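The residues making up each chain are set out below.
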Amino acid sequence: MLQKFVEAGYEAVSFEEKADIYVINTCTVTNMSDKKSRQIIRRAKCKNKNSIIAAVGCYAQVAKKDLENIPEIDLVLGTNEKNNIVKYIEEYIEEKKDVEEISDVMNQKEFLDFGSITYTEKTRAVIKVQDGCDRFCSYCIIPYARGRVRSRRIESIVNEIEKIVNKGIKEVVITGIHVASYGKDFKDGTSLIDLLEAINQIDRLERIRLSSIEPTIITKEFLERLVKLNKVCEHFHLSLQSGCDQTLKRMNRRYSTSDFEKCTELLRKAYPNVALTTDVIVGFPGETEEEFNKTYNFLDKIKFYQMHIFKYSQRKGTKAAEMENQVLPQIKEERSKKLINLSEKNEIEFLNKFINKELSVLFEQTEGEYCVGHTSNYLRVGVKNIKDLKSLENTIRNVNVQKIEKDILIGSLK
Ligand code: SF4
């Protein structure tokens with residue numbers, strides 16, 4: 001959206017500055033994000049009483065009534081309307097009457113392609129390949145805000161990556177709302193692996209990193225094709241959410257812990273140095289001590305490199321928000337702490353495996369006396385005592401790892 005304004009001749013300023021137009025790209029993933037969106041809308045108006053305020057995106061999509069009651073807002077635009085943001089603002093300026101455009105995202109059948117965007121990053125770029133989700137997990141509002149699965153055409157994705165590789169970017173992160181569903185809507189058998197094969201052929205691209213994927217996509221057939229792609233990083237973020245089958249059922253997740261475990265075994269066999277990371281929700285409605293212990297033990301067995309622990313938060317408009325036996329905040333807090341401790345222990349164990357090893361590192365930026373980057377399996381590695389540290393940025397170099405400092409591996413250039 002910012003790029004569209006700039007292309008139309010507008011000047012972009014930071015949010016903290018006084019502007020004529022404020023566009024708030026709202027988030028609605030939790031009740032708290034709704035609240036934050038409302039607060040930021042009011043903050044914008046305080047900066048300039050005469051400014052135009054547009055509330056855009058997911059919160060507008062699912063709860064336009066909430067926003068209609070906020071007098072500071074001039075335009076309310078849904079997720080599909082972002083593409084035409086400049087047109088809506090200019091119509092408002094001409095006609096001076098409030099605009100409300102929220103198309104039915106559930107009926108949107110095609111991926112809204114913004115085309116190539118200008119990146120400010122030098123090393124790694126995030127590429128959106130699909131939108132929407134058909135899974136309807138019981139705690140999640142996203143399918144209502146983003147609609148059904150819509151995938152971006154392979155040619156458009158390849159085209160964008162070729163452009164940014166020409167500008168020097170070496171790594172792309174493939175992202176979407178539910179990346180594992182990529183291609184489902186084309187109904188011609190195209191799937192994520194076809195897309196990855198096409199991306200892998202792009203000259204001078206060094207790495208392809210997958211963002212969060214649902215574990216069920218990891219099958220023998222998928223892996224047989226995946227291991228042939230030399231640019232795919234040995235790092236997989238598999239959203240688990242719970243290590244207890246009863247809880248998974250209430251969450252409406254469509255796999256069991258044993259399905260999940262099989263995926264991790266397949267991945268570890270295919271990629272011996274693979275880093276597996278995950279998300280876990282604690283305190284989901286009805287989660288008993290016994291259920292939580294099952295999760296704890298499962299996580300202890302799988303040993304992820306990193307885990308993102310979320311305390312369940314009730315999201316209005318979802319099934320889980322209406323479930324009985326909501327868990328008390330202090331219990332969520334205790335469970336969260338236990339899992340964070342486990343996560344820290346596993347992380348150190350994993351990092352220790354790489355001491356005295358030679359690793360290939362894509363250096364990203366200089367931080368104080370270090371230049372820091374990531375390995376293919378997402379270990380953070382730093383080197384120091386180099387004459388021109390900055391010259392390492394955006395290069396791939398081999399490093400002999402000597403020790404761990406906090407959560408970072410320290411070594412010297414080979
Ligand atoms: S798969 Fe992810 S985005 Fe889709 S409903 Fe579940 S949690 Fe939400």
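Throughout what follows, the structure given in this document is the object of discussion.

Taken as a whole and judged by the stated rule, the model has 33 salt bridges. The salt bridge involving Arg 124 is made with Glu 171; its shortest N-O contact spans 2.7 Å. Note that Arg 124 is positioned in strand E5 (residues 124–128) and Glu 171 in strand E8 (residues 171–175), a separation of 47 residues in sequence. Look at Glu 171 and you get buried, because its relative accessible area is 0%. The residue Glu 171 makes a salt bridge to Arg 209 at a minimum N-O spacing of 2.7 Å.

So, on to the site of the ligand. Contacts to the ligand come from Cys 133, Arg 135, Phe 136, Cys 137, Tyr 139, Cys 140, Ile 142, Pro 143, Ile 177, His 178 and Arg 253. The pocket occupied by the ligand, as judged from atoms lying within 2 Å of grid points, is the second largest pocket. Among the residues making up the shell around the ligand, the classes are represented as 8 nonpolar, 1 polar and 2 charged.

Let us look at the side chain of Lys 45. Among the secondary structure elements, Lys 45 is positioned in helix H2 (residues 31–47). On the basis of relative accessible area, Lys 45 is assigned to the buried category, the value being 17%.

A volume near 1,300 Å³ is recorded for the largest pocket. Considering the residues around the largest pocket, the lining is formed by 40 residues, among which Met 1, Leu 2, Gln 3, Asn 25 and Phe 114 are closest to the centre. If you list the elements that add at least two residues to the lining of the largest pocket, you get helix H1 (2–7), strand E1 (21–26) and E5. With 6 residues, the single largest contributor to the lining of the largest pocket is H1. Within this model, the second largest pocket holds a volume of roughly 1,000 Å³. Lining the second largest pocket are 34 residues, with Val 29, Cys 140, Ile 142, Gln 241 and Asp 279 sitting closest to its centre. Looking at the lining of the second largest pocket, the elements with two or more residues in it are strand E6 (130–131), helix H6 (142–146), strand E11 (275–282) and strand E12 (306–311). Ranked by residues supplied to the lining of the second largest pocket, first place goes to H6 with 3 residues. By residue class, the composition of the lining of the second largest pocket is 14 nonpolar, 11 polar and 9 charged.

Okay, the pairing of E12 next. Sheet analysis places E11 next to E12, joined by 6 bridges and oriented parallel. When the bridges of E12 are listed, Val 280 appears paired with Ile 309. Read from E11 through helix H12 (residues 289–302) to E12, the crossover connection turns out right-handed.

A few words on the pairing of E8. Buried residues dominate E8, accounting for 4 of its 5 residues. The pairing of E5 with E8 spans 5 bridges and is parallel. Residue pairing in the sheet places Ala 125 in a bridge with Val 172 of E8. Here E8 pairs with strand E9 (residues 207–210) via 4 bridges, running parallel. What sits directly across from Val 172, in E9, is Ile 208. The parallel pair E8 and E9, bridged by helix H8 (residues 192–200), forms a crossover whose chirality is right-handed.

Definitions and limits used
- Residues numbered from 1 in each chain as written.
- Predicted model: local features only at pLDDT ≥ 70, side-chain atom pairs only at ≥ 80, totals over all residues.
- Heavy atoms only, no water.
- Salt bridge = Lys/Arg side-chain N within 4 Å of Asp/Glu carboxyl O.
- Helix = DSSP H or I, 4+ residues; strand = E, 2+ residues; numbered from the N terminus.
- Buried < 20%, exposed > 50% of the residue type's maximum accessible area, 1.4 Å probe, protein only.
- Near = heavy atom within 4 Å.
- 1 Å grid on protein atoms, 1.4 Å probe; cavity = no way out; pocket = protein on both sides within 12 Å on 5 of 7 lines; lining within 4 Å.
- Sits in = over half its atoms within 2 Å of the grid points.
- Nonpolar A, V, L, I, M, F, W, Y, C, P; charged D, E, K, R; others polar.
- Points joined across faces, edges and corners; volume = space filled by probe spheres on them.
- Pairing = 2+ DSSP bridges.
- Right-handed = clockwise from strand over helix to strand, strands pointing away.

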